[in-house]
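Observations on the model geometry
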Amino acid sequence: MSVPARDYAAPDPAVLTPALDLLKRVWGYGAFRGVQAQIVQTVAQGGNAMVLMPTGGGKSLCYQVPSLLRPGVGIVVSPLIALMKDQVDTLRGLGVRAAYLNSTLSLDGVREVESALLAGDLDLLYVAPERLLLPRTLDLLDRAPVALFAVDEAHCVSQWGHDFRPEYQGLTVLPDRFPQVPRMALTATADDRTRADILRVLDLGGAPQFVSSFDRPNIQYRVGQKDSPKTQLLEFIRAEHAGDAGIVYCLSRKSVEETARWLQAQGVDAVAYHAGLPPRERTHAQDRFLNEEGLVVVATVAFGMGIDKPNVRFVAHLDLPKSMEGYYQETGRAGRDGLPSTAWMVYGLADVVNVRRMLASSDAPEEVKRVEAGKLDALLTFCETAACRREVLLAYFGEAYQGPCGNCDTCLNPPQVRDMTREAQMALSAAIRTGNRFGAAHLTDVLLGRATEKVVSMNHHTLPTFGVGAAHDEKTWRGVLRQLVSLGFLAAGEHHGLSATGKARTLLKGETTLTLRADTLMPRASRRAEKQPRAGRAPVATEDQPLFEALRAWRLDRARSLGVPPYVIFTDATLKGVTELKPTSHASLGTVSGVGQRKLADFGDEVVQIVRDSLDGRPAAPARTVTPQERGARDNAAVLGALRARPQEPADPAPALLGQPQPDPAQTGRVAAALREVRRTLTQETGLSAFLIFPNAALDALAQRQPRTEAELHGIPGFGPKRIETYGQRVLLAIRTALTDAG
Ligand code: ADP
Ligand code: ZN
């Protein structure tokens, strides 16, 4: 899927140069991604645009940058009230003048935003659609300078989608009332019908449509056979995503709660989420997920819309989604930040029978049922495929992807396929001869020649099919039956009974053959022994792990003190960049992607200090890319750090500074305890995190050196002039007291 080149205007440096400058200065990014540049240019020049981009593709910048380039305020229509605060916090953290208008604001809050809007003091304003449509808001917008309207989650206009919001249809007011203001529609989900609705409501008929590939290359797709689902899930989390944030989807509220409890009992930090929980509990779960680093949310599909957390490292399905759309959307919540992530799913015969049966027995009109059955067929075909999963997935959405991708289970562990026409015929005839009404367990008994009570009472041990499948084991037959149900040769009816469908006829007559995945034939042990692909938990090299973790810990502290989610401070991708470059100066930190001017001013000192501490604490690991200035600065810091810090390092048994007696370890311990205590008091007084008062490296050095005067404080690593000025006297007092008490 791509847009004809003629739809895109030629690059215009008059717009792109300032746009790139802004991108670097505010966001700290070096380049636009994919079609972002064309979109920004189109809208900055006053044009309309329709933007179709997958989750994580970078839609926000497409309207944020033009809003800053054009005079006036960019109005962003977003249905997700819960999310607006984070979006606005993120922008404010970048130094952008952003605000929101929704029902969570007090009347005073609303007035404040309104006057800022009229005074031209806002760059971006997020509004809920129902708020936008109020006459009061529209009047206000008549009087305010508006740069553009961006309609986010634009698929909400369409009744065809599952996120339909009636208020969105009222957005026709935008082209009617503000025809001169550029309009953008942005969405990650739009089939042809939805797209047509969006174009109609926002009158975007003549506007260029920017469609990106819907591939999410950083997501590893894996689908496996269900065995003991909870244990499989636990093994997966432990082996690949210990300590990571993830979402586990289950069908029922009951299994959500059970799974969450079970994971907790196994030491995984997990919480349940479903629509049946009291609102307070749900909000709490969602807040924890956004604000903590490594929480696993076990949820029904009620959880997800509005989860913009960029570092969700895995999405696991313990039950089948209803469609490919559902699967794509749910798994799409992983890895918005572009770092390696996993979409993991297990399913089995019972699941396939269940979803088929639920659909068959629903009261929906035939027409709706047919559409849903088609969607389910596609999903099950995807599950059973032996081809590259990404290819099948993207083909469903009309995108020709040239696989194999090398990053899905079938690419990494190609399954054997076998001509199983004969086995399929046996299974189908077992179903037919037993009257098309028995479940998989009974059919398996018949095929294997097991004269169970039920088999005998039904007289099925006298059928010619009885025992024809004895050459295979039970697992094989369950696999064959599952695939036959998945592929529509068997239908699931009431009481889980399986019946041969019209499609089965050609197969029974031998007119078609059937190739099935033979992995179901594989003995369990060898399947276990297979090397499982790994998406990789840590996005950084092993030797850089301590620095990455130190940065994450600092970020979490900082986020808590500012009352924002950690990713609002820096994304994982940015911390990864810092970990790789190891910048020890503002200048080099500023070259890391995601560090703009404002972030540099706000957090530069702290981040640089953490990097220095880590370089001081161990032999400097070579960074991957180092600029010459950077190398100079780092060498200096490393040399100075080594000169100052080495003699005091607790691990180093060498005496302290030349000529000074080595401190008594008991005394050192007392001083360290006193310093920790004073630091604790200071954190309470200032509300700052312990690290920001002074880092552990400084604490250790102080405990070793035991300075008595302000002059002696100079040269302690991690305790620079600013800290000496602010905390010096308190620290000296603590040291003196600890030593006097001892003496
Ligand atoms: P979407 O809204 O399409 O799901 P976002 O706008 O949230 O995606 O962007 C996803 C992530 O990619 C964010 O962390 C964003 O900062 C980052 N990103 C977007 N554009 C760029 C770019 N040009 N360079 C680097 N990172 C980018
Ligand atoms: Zn693949």
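An account of the accompanying structure is given in this report.

Thresholds applied
Residues numbered from 1 in each chain as written. Chains lettered and ligands numbered in written order. Predicted model: local features only at pLDDT ≥ 70, side-chain atom pairs only at ≥ 80, totals over all residues. Heavy atoms only, no water. Near = heavy atom within 4 Å. Polar contact = N/O pair within 3.5 Å; in protein donor to acceptor, adjacent residues only side chain to side chain. Areas by Shrake-Rupley, 256 points an atom, 1.4 Å probe, with all protein chains shown as cover. Pairing = 2+ DSSP bridges. Helix = DSSP H or I, 4+ residues; strand = E, 2+ residues; numbered from the N terminus. Axes fitted to C-alpha atoms, helices over the stretch in contact; angles between N-to-C directions. Contact = heavy atoms within 4.5 Å. Donors = N, O, S within 2.8 Å, 3.2 Å for Na, K, Ca; no water. Tetrahedral: all angles 85-135°; square planar, octahedral: opposite > 155°, others 65-115°. Buried < 20%, exposed > 50% of the residue type's maximum accessible area, 1.4 Å probe, protein only.

For ligand 1, the set of nearby residues contains 14 residues, the closest of which are Tyr-29, Gly-56, Lys-59, Ser-60 and Arg-336. Between ligand 1 and the protein, one listed contact pairs an oxygen atom with a side-chain N or O atom of Lys-59 at 2.8 Å. In this structure, an oxygen atom belonging to ligand 1 sits 2.7 Å away from a side-chain N or O atom of Arg-336. For ligand 1, whose free accessible area comes to 560 Å², the fraction covered by protein is 83%.

As summarised here, the arrangement of the 7 strands in space is S3-S4-S2-S5-S6-S1-S7, forming an open sheet in which the pairing is parallel. For this open sheet the edge positions go to strand S3 (98-101) and strand S7 (209-211), each flanked by a neighbour on one side alone. The average angle at which neighbouring strand axes cross in this sheet is 20°, direction not considered. For strand S1 (residues 49-52) and S7, the ladder comprises 3 bridges, and the chain directions are parallel. Residue Val-51 lies in a different strand from S7, and its bridge partner there is Phe-210. Sheet contacts for helix H3 (residues 59-69): S1, strand S2 (73-77), strand S4 (124-127), strand S5 (146-151) and strand S6 (183-187); angle to S6, the most-contacted strand, approximately 160°.

Our focus in this paragraph is the coordination of the zinc ion (ligand 2). Bound to the zinc ion (ligand 2) on the protein side are Cys-388 (SG), Cys-405 (SG), Cys-408 (SG) and Cys-411 (SG), at distances that span 2.3 to 2.4 Å. Taken together, the 4 donor atoms coordinating the zinc ion (ligand 2) span angles of 102 to 119° at the metal, a pattern that classifies the geometry as tetrahedral. Read from N- to C-terminus, the donor residues coordinating the zinc ion (ligand 2) fall into the pattern C-x16-C-x2-C-x2-C. A relative accessible area of 18% means that Cys-405 is categorised as buried.

Backbone hydrogen bonds hold the strands of a sheet together, and the pairing may be parallel or antiparallel. Pairing in this open sheet of 6 strands is parallel, and the strands run S8-S13-S12-S9-S11-S10 from one edge to the other. Two strands bound the open sheet, and with one partner strand each, they are strand S8 (219-225) and strand S10 (270-273). Each adjacent strand pair in this sheet contributes to an overall mean axis angle of 15°, direction not counted. Across 7 bridges, S8 lies against strand S13 (residues 341-347) in parallel orientation.

Before going further, it helps to examine unusual backbone geometry. Cis peptide bonds are those with omega within 30 degrees of zero, and the linkage from Gly-403 to Pro-404 qualifies with -5°. Position of Pro-404 relative to the elements: it lies in the loop between helix H17 (389-396) and helix H18 (409-412). Phi at Asp-203 is positive, roughly 50°, even though this residue is not glycine. Looking at the secondary structure, you find Asp-203 in the loop between helix H10 (192-201) and S7. One non-glycine residue, Gln-706, adopts positive backbone phi at about 45°.

For the rest of this paragraph, the subject is the environment of Gly-170. For Gly-170, the location among the structural elements is in the loop between helix H8 (166-169) and helix H9 (173-177). Among the residues examined, Gly-170 registers a relative accessible area of 28% and is labelled partly exposed. With 41 residues separating them in the primary sequence, Gly-170 and Pro-129 have C-alpha atoms 8.3 Å apart.

This part takes up the pairing of S2. Across the 5 residues that make up S2, a large majority, 5, are buried. Where burial is concerned, the two faces of S2 agree: the one with Val-73, Ile-75 and Val-77 and the one with Gly-74 and Val-76 are both buried.

Remember that the coordinates give geometry; whether it matters functionally is a separate question.
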